[in-house]
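Residue strings, one per chain:
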Amino acid sequence: MKKILFSLLALCALIAGCGGGGGGNVGSVSSGSSSSSSSSSSSSSSSSSTGNSVVMTVDSGPSGATGQLNIPYVSVTICQPNSTSNCQTIDHVLVDTGSSGLRVLSSVLNSTLASSLSVQTVGSRSLLECAQFADGYTWGSVQLADVRMAGEVASSVPIQIISDPNFSTVPASCQSSGGATLTNEGDLQDLGANGILGVGVSKQDCGTGCVGDPNNGTYYGCATAATCQPSIAPLAKQVTNPVSAFAADNNGVLLQLPSIAATGASSAQGTLTFGIATQTDNAIPGGAQAFPLTYDGLVYSIQTSYKGQSYNSFIDSGSNILYFNDSSITTCSLGGGTWYCPASQQNLSATLSSGSVSSVVNFSLISAQYLNINSSFSAFPSIGAPITGDFSAYFDWGLPFFYGRSVFVGFVGSGNPKGTGPMYIF
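Description of the structure in this document.

Parameters and conventions
Residues numbered from 1 in each chain as written. Predicted model: local features only at pLDDT ≥ 70, side-chain atom pairs only at ≥ 80, totals over all residues. Heavy atoms only, no water. Buried < 20%, exposed > 50% of the residue type's maximum accessible area, 1.4 Å probe, protein only. Helix = DSSP H or I, 4+ residues; strand = E, 2+ residues; numbered from the N terminus. Pairing = 2+ DSSP bridges. Disulfide = S-S within 2.5 Å. Phe/Tyr/Trp six-rings, centres within 6.5 Å; stacked < 30°, edge-to-face > 60°. Lys NZ or Arg CZ within 6 Å of the ring centre and 35° of its normal.

This brings us to the pairing of strand β2 (residues 53-58). Counting buried positions over the six residues of β2 gives six, a clear majority of the element. In terms of strand pairing, β2 meets strand β18 (residues 268-274) through six bridges, oriented antiparallel. Across the sheet, the residue bridging to Val58 is Ala268, located in β18.

Below you can see the structure in the form of structure tokens.
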């Protein structure tokens with residue numbers, strides 16, 4: 001069964017304040033190409049942390065991919081397995097609650113670290129992955145690495161090395177989905193991030209659907225760079241949510257960002273905290289409710305009721321704006337994309353529910369023209385656009401949902417005081 005990763009929905013393209021390159025802007029990254037054991041991190045994507053928490057920043061992105069919109073970044077340290085010296089800290093890695101697993105551009109790894117990582121194999125073939133998102137894909141080898149964040153370590157977990165130069169031939173089946181051609185997001189300009197830290201509800205990025213069926217659309221076995229064929233992938237070799245592999249604080253994550261004005265801010269800084277109710281800094285607030293998620297064949301979802309219509313929906317920090325359909329709201333065209341552009345601020349509400357649990361969510365929508373007016377701003381809580389394609393019947397609560405909230409993501413099969421995941425808590 002094909003698992004569709006559903007972030008990277010950015011429409012931001014070729015307009016002031018949004019950076020170059022059409023679609024799929026999911027973060028921003030540094031070059032990371034030095035040969036030293038650690039790349040320098042910019043102050044805007046600080047590696048400052050507590051034992052189970054790291055700084056998460058929404059900013060314009062690093063040199064080479066500046067002008068990003070609503071992208072939450074953290075720094076991640078990658079090490080040769082069982083080494084504390086052969087390591088590199090990668091800044092401006094996108095935090096994505098809509099996918100699982102760490103993916104890093106090969107171009108940001110220094111040569112010492114890159115040469116020390118080993119490609120996973122299935123049988124006699126190297127294991128490659130095609131991670132398909134809503135508007136693009138990343139192609140690259142699956143390699144083992146230690147992943148370090150704050151005081152936490154995921155030891156010898158499979159990660160994807162995007163655009164591994166040893167496997168540059170992309171299978172045709174990876175480059176399209178549902179008859180639509182996808183964008184190769186295998187470089188800094190198109191990906192807009194040094195990597196993607198997928199902290200979604202699943203512990204592996206494909207799960208049991210890739211264990212027995214070679215035609216899963218995600219994993220490939222490659223005898224050579226040009227001879228790749230569909231392949232099974234045992235769970236232990238699939239790209240893995242590194243937080244789920246921590247020794248502790250491994251049952252979920254907490255994302256926190258401050259409230260900002262509807263018309264935006266130059267940046268925003270919050271935290272990504274590991275674990276749910278495992279330490280004092282990730283305790284569940286008294287008024288928070290848990291929303292169990294149901295797999296609907298495409299994503300783990302909850303229900304959203306908006307203007308009398310019910311939608312399957314998801315809360316996705318990797319979607320940089322709100323995506324939903326409302327024909328009563330005026331739209332406009334910017335940079336080749338269609339955005340909501342109401343004449344005045346719209347104060348709206350929707351009800352999110354799961355079983356007997358429900359919560360009214362109030363949100364605002366302003367004209368996307370503010371991206372031109374406040375062209376130096378990177379954080380906007382009130383920008384939206386219609387949703388199309390495979391998700392046209394969904395309500396995608398992108399990063400704007402996170403401003404001013406504490407949002408927990410509970411992992412599949414992991415428990416916390418509210419029950420066993422998958423779940424959202426807010």
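Tallied over the entire structure, the rule returns five disulfides. The disulfide bridge from Cys130 ends at Cys174, spanning 2.1 Å between sulfur atoms. Residues Cys130 and Cys174 are joined through a disulfide that is right-handed, its torsion about the S-S bond being 90 degrees. Placement of the pair is Cys130 in strand β8 (residues 125-132) and Cys174 in the loop between β10 (152-162) and β11 (176-177), with a sequence separation of 44 residues. Both residues of the pair, Cys130 and Cys174, belong to the buried class. The disulfide partner of Cys222 is Cys228, and the gap between their sulfur atoms is 2.0 Å. Every disulfide takes its handedness from the sign of the S-S torsion; for Cys222 and Cys228 that torsion is 110 degrees, giving right-handed. The disulfide pattern of the chain is 1-2, 3-4, 5-6, 7-8, 9-10 when the bonded cysteines are numbered in sequence order.

The next subject is the pairing of strand β30 (residues 406-410). Of all five residues in β30, four are buried, a share of seventy percent or more. Taken together, the five bridges between strand β17 (residues 252-256) and β30 define a ladder with antiparallel strand orientation. When the bridges of β30 are listed, Leu255 appears paired with Val407. The pairing of β30 with strand β33 (residues 423-425) spans three bridges and is classified as antiparallel. In the strand pairing of β33, Val409 is matched with Tyr424.

A few words now on the packing of aromatic side chains. This structure, assessed with the given rule, holds 21 aromatic pairs. On the numbers, 5.7 Å between centres and 75 degrees between planes, the contact of Phe314 with Phe391 is edge-to-face. In this pair, Phe314 is assigned in strand β22 (residues 309-315) and Phe391 in the loop between β28 (384-385) and β29 (394-397), connecting sequence segments 77 residues apart. No difference in accessibility class separates Phe314 from Phe391, as the two residues are buried. Each ring, one from Phe401 and one from Phe426, has its centre 5.2 Å from the other, and the planes form 85 degrees; the classification is edge-to-face. Placement of the pair is Phe401 in the loop between β29 and β30 and Phe426 in the segment after β33, with a sequence separation of 25 residues. Considered together, Phe401 and Phe426 belong to a single accessibility category, that of buried residues. Clustering of aromatic rings is evident, with ring pairs tying together Phe291, Tyr306, Tyr311, Phe324, Tyr340, Phe363, Phe395, Trp397, Phe401, Phe402 and Phe426. Against the face of Phe401 rests Arg405, its NZ or CZ located 4.3 Å from the ring centre.

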